[in-house]
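Listed below are the residues making up each chain.
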Amino acid sequence: MSAARFFVAGKVQGVWFRASTREQALALGLRGYANNLADGTVEVLAVGDEAAVTRLAEWLGHGPTQARVDRVIREPAREDEAGEGFVCG
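Presented here is a report on the structure given in the accompanying data block. All values derive from a computational prediction rather than experimental measurement.

Where strand 2 (residues 31–36) lies against strand 3 (residues 42–48), six bridges are found, and the strand directions are antiparallel. Bridging across to strand 3, Asn35 finds its partner in Glu43. With antiparallel pairing between neighbouring strands as the criterion, strand 2 and strand 3 make up a hairpin whose turn holds five residues, including Gly40 at a positive phi of roughly 95°. Sheet analysis places strand 2 next to strand 5 (residues 86–88), joined by three bridges and oriented parallel. Bridge pairing in strand 5 links Gly32 to Phe86.

This is the structure in structure tokens:
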């Protein structure tokens with residue numbers, strides 16, 4: 001199991017970024033969440049197989065078509081920070 005927290009900056013709010021992240025994460029069998037932050041970034045917590053977390057990280061680097069990703073920061077996280085499924089806050 002792997003757990004990572006991502007902070008995604010750019011044009012990532014109001015462009016279906018969280019919902020698209022949820023779709024990607026569920027397809028990869030991950031659990032966690034995607035939340036908009038007050039500074040305009042999106043925080044993503046992903047827990048699951050290391051290869052799946054890495055694939056999500058790669059996807060976060062560009063996001064959905066309407067998004068413009070300028071930067072993705074990855075930090076370690078704890079597995080117990082994620083609940084069941086993958087939710088958007």
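Once the structure has been displayed, the description carries forward.
Further remarks concern the nonpolar core. Formed by 22 residues in total, the largest nonpolar core has its most connected members in Phe6, Val8, Phe17, Leu30, Val44, Leu56 and Leu60. Listed by contribution, the elements that provide at least two residues to this core are strand 1 (2–11), helix 1 (17–27), strand 3 and helix 2 (50–60). If you tally residues by element for this core, the top one is helix 2, at six residues. Residues contacting Val44, with those up to four places away along its chain left out, are Ala4, Arg5, Phe6, Thr21, Tyr33, Ala34, Leu56, Leu60 and Phe86. By size, the runner-up hydrophobic cluster in this structure holds five residues, among which are Tyr33, Leu45, Val47 and Ala82.

The rules behind these values
- Residues numbered from 1 in each chain as written.
- Predicted model: local features only at pLDDT ≥ 70, side-chain atom pairs only at ≥ 80, totals over all residues.
- Heavy atoms only, no water.
- Pairing = 2+ DSSP bridges.
- Helix = DSSP H or I, 4+ residues; strand = E, 2+ residues; numbered from the N terminus.
- Core = buried A, V, L, I, M, F, W, Y, C linked by side-chain atoms within 4.5 Å.
- Buried < 20%, exposed > 50% of the residue type's maximum accessible area, 1.4 Å probe, protein only.
- Contact = heavy atoms within 4.5 Å.

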